[in-house]
Amino acid sequence: MKKIFTLIAAAIFATTTFAQEDRIRVRVHTNDGKISGFMLSDIDSLTFAKKQVVQKETLTIKTNEVTPTSASYTITPSSDDFKYYQFIVSQSTYDLIMSQYSGSLFNHDKAWWEAQAEYSGATWKDILKQQVTSGTQTFESASIISSLKPKTRYCVYAYGIDTETAEMTTDIVEYWFETPDVAMSDNVLEIVSVTPEVYAFTVNVTATNNDPYVVTYQRASSFNNLVAQEGSEEAAIDKMIDVQTSYGGYGSMVHNGSQTVRLENLDSNTEYVILAFGYDSGKRTTEYKKYLSTTDEP
């Protein structure tokens, strides 16, 4: 409004002060730096119109439920008239993307679409079209990451995109949250005995309550290498758990209460490390117990 009054005052000043001049020129300076000139005698009136600003589409993200291993979240676009892409990554993956893709989540996503296209024989834009959506939608983290990790930060991000031009139609929206931790268990486990066979072990385990635990094994040579790599037995076991959880968890290897457990499909005459530890939602919840045993010769 201040600019409008300034222009009107300038016009009145030019009309009243320089009315005796034969040639009075009015100059209009626009925001883009251009200058237009008009003869005062050619101006009948001045009209000011407010410029219409097109509002950019937006996206909002919120979590509905977060557990140690999963999250449900809803993405709401400002309208149903555009497509958007969404993804979820951990803090460590996000940092890696920032370092490897010049700080661009979009560059990472494009590289991912191109990799899928090369594998499938389609174009990367065809892959993109299969992975976008529209309207308000609720998503489950398991559709992207099979199991989240307890007490870990994650980022859900989304952006509008034109699937024909592959140009973003909104800013990239990030939403960060942290999964809750898993409570430690007071279950006390003991590997009481191990009976070796040619290709199996029979393992007797006692437990002081019904909290879940795992009985698993690894070749002694492989376990020792992992300990050397990770720096300690505890770190090596936690690494094993992390890898196994990323592939879906321990399944039938999870037990409750005192049990006699069979470990099968082993190699003959081979030394193994047998491990028992509390386990819940991808995390070790008790001290681990270790037992060395060698399978029988054929």
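Calculation notes
Residues numbered from 1 in each chain as written. Predicted model: local features only at pLDDT ≥ 70, side-chain atom pairs only at ≥ 80, totals over all residues. Heavy atoms only, no water. Phe/Tyr/Trp six-rings, centres within 6.5 Å; stacked < 30°, edge-to-face > 60°. Buried < 20%, exposed > 50% of the residue type's maximum accessible area, 1.4 Å probe, protein only. Helix = DSSP H or I, 4+ residues; strand = E, 2+ residues; numbered from the N terminus. Expected span 1.5 Å × (residues − 1). Contact = heavy atoms within 4.5 Å. Pairing = 2+ DSSP bridges. Axes fitted to C-alpha atoms, helices over the stretch in contact; angles between N-to-C directions. Polar contact = N/O pair within 3.5 Å; in protein donor to acceptor, adjacent residues only side chain to side chain. Parallel < 35°, antiparallel > 145°, perpendicular 65-115°, else oblique. pLDDT = per-residue confidence, 0-100. 1 Å grid on protein atoms, 1.4 Å probe; cavity = no way out; pocket = protein on both sides within 12 Å on 5 of 7 lines; lining within 4 Å. Points joined across faces, edges and corners; volume = space filled by probe spheres on them. Nonpolar A, V, L, I, M, F, W, Y, C, P; charged D, E, K, R; others polar.

Q: Mind laying out the packing of aromatic side chains, listing which residues take part and the relevant values?
A: Enumeration according to the criterion identifies 15 aromatic pairs in this entry. Relative to W113, the ring of F106 lies with its centre 6.1 Å away and its plane at 75°, an arrangement referred to as edge-to-face. The class for W113 is buried, based on a relative accessible area of 0%. Connected via pairs of aromatic rings, a cluster forms that spans Y85, F87, F106, W113, W124, Y157 and Y159.

Q: Explain the environment of S221 to me, using residue names and the numbers behind them.
A: Mapped onto the elements of the fold, S221 is located in helix 5 (residues 220-230). What makes S221 partly exposed here is its relative accessible area of 46%. Sequence spacing of S221 and V273 is 52 residues, and the spatial spacing of their C-alpha atoms is 8.9 Å.

Q: Quick rundown of helix 6 (residues 233-246)? Include the residues and the values.
A: Note: α-helices contain 3.6 residues per turn, so residues at a spacing of three or four share the same orientation. The terminal C-alpha atoms of helix 6, which comprises 14 residues, lie 20 Å apart, in line with the 20 Å expected from a rise of 1.5 Å per residue. Those residues of helix 6 that are buried are in contact with strand 11 (213-219), helix 5, strand 14 (271-280) and strand 15 (283-284). Following helix 6 by one or two positions, G248 has its phi on the positive side, about 110°.

Q: Outline the sheet that holds strand 3 (residues 59-66), supporting the account with residue identities and numerical values.
A: If you trace the three strands from one edge of the open sheet to the other, you get 3-4-6, paired in antiparallel fashion. Two strands lie at the open edges of the sheet, namely strand 3 and strand 6 (137-140), each paired on one side alone. Within this sheet the neighbouring strands show an average axis-to-axis angle of 25°, counted without direction.

Q: Tell me about the side chain of T202, residues and numbers included.
A: On the secondary structure map, T202 appears in strand 10 (residues 201-207). For T202, a relative accessible area of 17% gives the class buried. Side chain to side chain, T202 and R262 meet in a polar contact 3.1 Å long. Not counting residues up to four positions away in its chain, the partners in contact with T202 are S193, V194, T195, E197, T260, V261 and R262.

Q: Outline the packing of helix 5 against helix 6, supporting the account with residue identities and numerical values.
A: Here helix 5 crosses helix 6 at 105°, and the two axes come no closer than 8 Å. If you check the angle between helix 5 and helix 6, you find them roughly perpendicular. For the pair helix 5 and helix 6, contact is made by F223, L226, V227 and E230 and by E233, A235, A236, I237, K239 and M240, respectively.

Q: Outline the confidence of the model for the protein, supporting the account with residue identities and numerical values.
A: Interpreting fine coordinate detail is not advised for predicted regions of low pLDDT. Mean pLDDT over the protein stands at 89; residues scoring 70 or higher make up 87%. Here residues 1-20 is modelled with pLDDT under 50, and outside its nearest four sequence neighbours on either side it reaches eleven contacts, counting other chains as well.

Q: Describe in detail the layout of surface pockets, supporting the description with residues and values.
A: Taken as a whole, the second largest pocket holds about 390 Å³ of empty space. Listing elements by their share of the lining of the second largest pocket, those giving two or more residues are strand 5 (84-90), helix 2 (91-100) and helix 6. Top element by residues in the lining of the second largest pocket is helix 2. It accounts for five residues. A breakdown of the residues in the lining of the second largest pocket according to their chemical character gives ten nonpolar, ten polar and two charged.

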